[in-house]
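# Architecture and fold: a report
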Amino acid sequence: MKTRLNRLAILFVLGLSLIGAPAWAARVYIDINQPFAKKIPVAVPDFLPLGGGTGGPPDITQALPKRLGDNLDMTGMFIALDKRTFLESNARAGLSGAAQVDFKEWLAVGTELLVKGGFTLAGEDLVLELRLYDCLDRRMLLGKRYTGHRRDGRKMINRFTNEILFLLTGEQGIFGTQLVFVAGTGYNKSIMRAEFGGEEATGVAGGGGPHTMPTISAGGQVAWVHRNGTSWELISGGQVISAGPLHLSPAFTPGGALLAAISGKYDTNIFMFPGPGAKPVPVTTGYGINISPTVSPDGGRMAFVSDRGGSPQIYTSSTGGGPASRLTTMSGSAMDPDWSPRGDRIVFSLSDSEICTIAPDGSDPQQLTSGQGRNSRPSWSPDGRMIAFSSSRNGRNQIFVMTANGERQQPLMPDYGGDQQLPYWSKGKADAAGKNGG
């Protein structure tokens, strides 16, 4: 294989099920520890019917390859090439293997990786065959066949995206993982659930007063706060865990325990909630405001917001309570912390305007957004390589995503109407989508 800039010369054996090719010893193409490395140009032309011809329904022939290109581009590791630049003379080349692919045509437009897709549609039953080619090495790297309902085409694309990422980086992809967020404003706030890599969102809770501050466990359980008349309810898994005074900022520990803040007459403190009817256990004590807990991946440390020093800042302590150390010293209010699943960074919002990260020891603060509306409630992706957050830069609150270094800032669901706020990204793995035929 030819040596490439930004590709590691590390060999490892993957037990990949390739269509028409055996498992092979492959290199890791992308060094995930080099966030500013050169992006790999990838081409994804329209999908074609496997039985012959070039026609087909646009939701399969055009929308699915666009979704795949958008997925790869969103990771910050690839550049999806504009299909209007493609010079391919034989559109069907590559549907069944590398033999007919004219790699010179693809290299001429700057393509390094090529995805060819073919499909069979019988009624609403979809078979999708996808192949990934390395144009520099002139070989197929990956081939997969998926079967399912036509409506599952997008899920198949998410699955294949994850396969590509695992092959090229050695780490599992995150497409298909779950996010929760608040839709609506004022008294009409609802909790919604969305899939990373999808435009759709489904309702979790709504009506009867505002539902807000959602969080979701690695196992998929959703917790949130609901105002029911003059009472506030902490709801988890559809059950009221606690009710009464103001409840704030629920968060799950890596082990699935639930934390949240309760406001008293002179203070707001963080409690551990064992379950419905059980007495909450205090984690912080004292006067002032203590809210927004987030727990380190090993479960041993907690970051939270406190105004004990004057203005709201982020502090860290043991999850069992005890002394706390101030983490942030920036001018302005530091809010909404979320501890990276990698354990190396904590993301937060500064004065409800900018998104920043900092190391858990207080070193290396970095600002990721700058003067683009109001940006708040950041949340790490399950692999710690991306961040979701709410932004008003387009005239309304929308969920945006970006890479961990602030690149590729873009709306997650640009076609989803209404107000989108307070996103939280589950730290669980992606669900399998579609049947994989190998």
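Source: prediction; values computed, not measured. (Residues numbered from 1 in each chain as written. Predicted model: local features only at pLDDT ≥ 70, side-chain atom pairs only at ≥ 80, totals over all residues. Heavy atoms only, no water.)

The subject of this paragraph is the packing of helix α2 (residues 63–74) against helix α4 (residues 153–169). At a closest axis distance of 10 Å, the pairing of α2 and α4 adopts a crossing angle of 40°. When the axes of α2 and α4 are compared, the crossing they make is right-handed. Contacts between α2 and α4 involve Leu64, Arg67, Leu68, Asn71 and Leu72 from the first element and Gly153, Arg154, Ile157, Asn158, Phe160, Thr161 and Ile164 from the second. For the contact of α2 with α4, a count of residues per class yields six nonpolar, four polar and two charged. (Axes fitted to C-alpha atoms, helices over the stretch in contact; angles between N-to-C directions. Helix = DSSP H or I, 4+ residues; strand = E, 2+ residues; numbered from the N terminus. Left-handed = near helix turned anticlockwise from the far one by under 90°. Contact = heavy atoms within 4.5 Å. Nonpolar A, V, L, I, M, F, W, Y, C, P; charged D, E, K, R; others polar.)

To continue, consider the environment of leucine 87. Relative to the elements of secondary structure, leucine 87 occurs in the loop between β5 (78–80) and α3 (103–108). Residue classification places leucine 87 among the exposed positions, given a relative accessible area of 51%. In this structure, the C-alpha to C-alpha distance between leucine 87 and leucine 107, residues 20 residues apart in sequence, is 9.8 Å. For leucine 87, the residues in contact, after removing those within four places along its chain, are Glu105, Ala108 and Val109. (Buried < 20%, exposed > 50% of the residue type's maximum accessible area, 1.4 Å probe, protein only.)

This model, assessed by the stated rule, comprises 19 salt bridges. For arginine 131, the salt bridge identified is with glutamate 129, shortest N-O distance 3.4 Å. Given the relative accessible area of 4%, arginine 131 is considered buried. Among the salt bridges present, the one from glutamate 200 reaches arginine 154, with a minimum N-O distance of 3.1 Å. Of this pair, glutamate 200 sits in the loop between β10 (190–195) and β11 (201–205) while arginine 154 sits in helix α4; the two residues are 46 residues apart in sequence, bridging distant segments of the chain. Overall, glutamate 200 belongs to the partly exposed group, its relative accessible area being 48%. Where salt bridges share partners, they join Arg154, Lys155, Glu195 and Glu200 into one cluster. (Salt bridge = Lys/Arg side-chain N within 4 Å of Asp/Glu carboxyl O.)

Next up on the list: the confidence of the model for the protein. Residues of the protein with pLDDT of at least 70 account for 90%, and the chain-wide mean is 88. Note on residues 1–28: pLDDT is under 50 here. Beyond four places in sequence and across chains, it has 70 contacts. Confidence drops under a pLDDT of 50 for residues 432–438, and excluding neighbours within four residues, the segment shows 20 contacts in the predicted structure. (pLDDT = per-residue confidence, 0-100.)

Read from one edge of the open sheet, four strands run β28-β29-β30-β31, paired in antiparallel fashion. Each having just a single partner strand, β28 (375–380) and β31 (410–411) make up the two edges of the open sheet. One ladder, built from two bridges, connects strand β30 (residues 398–403) with β31; its direction is antiparallel. Paired with valine 401 across the bridge in β31 is glutamine 410. (Pairing = 2+ DSSP bridges.)

This brings us to the packing of aromatic side chains. For any pair of aromatic rings, the description consists of the separation of the ring centres together with the inter-plane angle of the planes. All told, the structure shown has eight aromatic pairs when counted by the stated rule. Pairing tyrosine 146 with phenylalanine 160 gives two aromatic rings, centres 6.5 Å apart and planes at 80°, and the pair type is edge-to-face. Here tyrosine 146 is found in strand β8 (residues 139–149), whereas its partner phenylalanine 160 is found in helix α4, with 14 residues between them in sequence. There is no split in this pair, since tyrosine 146 and phenylalanine 160 are both buried. Linked through ring pairs, Phe175, Phe196 and Trp425 together constitute an aromatic cluster. Across the ring face of tyrosine 315, the terminal group of arginine 308 is positioned such that the distance to the ring centre comes to 5.3 Å. The side chain of arginine 393 reaches across the aromatic face of phenylalanine 400, ending 4.6 Å from its centre. (Phe/Tyr/Trp six-rings, centres within 6.5 Å; stacked < 30°, edge-to-face > 60°. Lys NZ or Arg CZ within 6 Å of the ring centre and 35° of its normal.)

Time to look at the environment of threonine 369. Relative to the helices and strands, threonine 369 resides in the loop between β27 (366–367) and β28. On the basis of relative accessibility, which here comes to 1%, the residue threonine 369 falls in the buried class. Threonine 369 has contacts with Ser353, Glu354, Ile355, Asn375, Phe389, Arg393, Met402 and Gln409, leaving out every residue within four places of it along the chain. Polar contacts involving the side chain of threonine 369 include one to the main-chain amide nitrogen of isoleucine 355, which spans 2.9 Å. (Polar contact = N/O pair within 3.5 Å; in protein donor to acceptor, adjacent residues only side chain to side chain.)

Turning our attention to the sheet that holds strand β9 (residues 178–183). As a general point, the strands of a sheet are linked pairwise by backbone hydrogen bonds and lie either parallel or antiparallel. With respect to topology, four strands assemble into an open sheet ordered β11-β10-β9-β32, the strand pairing being antiparallel. Looking at which strands have only one partner, the edges of the open sheet turn out to be β11 and β32 (420–425). Put simply, the sheet's adjacent strands are angled 30° from each other on average, direction ignored. Pairing geometry for β9 and β10, over six bridges, is antiparallel. Looking at β10, one finds that phenylalanine 181 is bridged to methionine 192.

What follows is about the pairing of strand β20 (residues 288–295). Within β20, six of the eight residues are buried, which leaves the element mostly enclosed by the surrounding structure. As judged from the two bridges shared by strand β18 (residues 267–273) and β20, these two strands associate in the parallel manner. Bridge pairing in β20 links threonine 268 to isoleucine 289. Bridge count between β20 and strand β21 (residues 301–306): four bridges; the pairing is antiparallel. Paired with threonine 294 across the bridge in β21 is alanine 303. Linkage of β20 to β21, two consecutive antiparallel strands, is achieved through a turn of five residues, within which glycine 299 is found at a positive phi near 80°.

The next point concerns the environment of glutamine 420. With respect to the helices and strands, glutamine 420 occurs in strand β32. Along the backbone, glutamine 420 and asparagine 397 are 23 residues apart, and their C-alpha atoms lie at a distance of 5.3 Å. If we skip the residues at most four places from it in the chain, glutamine 420 touches Phe181, Val182, Ser390, Arg396, Asn397, Gln398, Ile399 and Met413. Engagement of the side chain of glutamine 420 in a polar contact is seen with the backbone oxygen of tyrosine 416, the distance being 3.1 Å.

Ranked by size, the top nonpolar core spans 44 residues in total, and within it Phe78, Leu132, Phe160, Ile164 and Phe196 carry the most contacts. Looking at which element gives the most residues to this core, the answer is α4, with seven residues. Those residues in contact with isoleucine 164, other than ones at most four positions away along the chain, are Leu68, Leu72, Phe78, Val115, Leu132 and Leu142. Within the second largest apolar cluster, 21 residues are counted, among which are Leu259, Ile291, Phe304 and Cys356. (Core = buried A, V, L, I, M, F, W, Y, C linked by side-chain atoms within 4.5 Å.)

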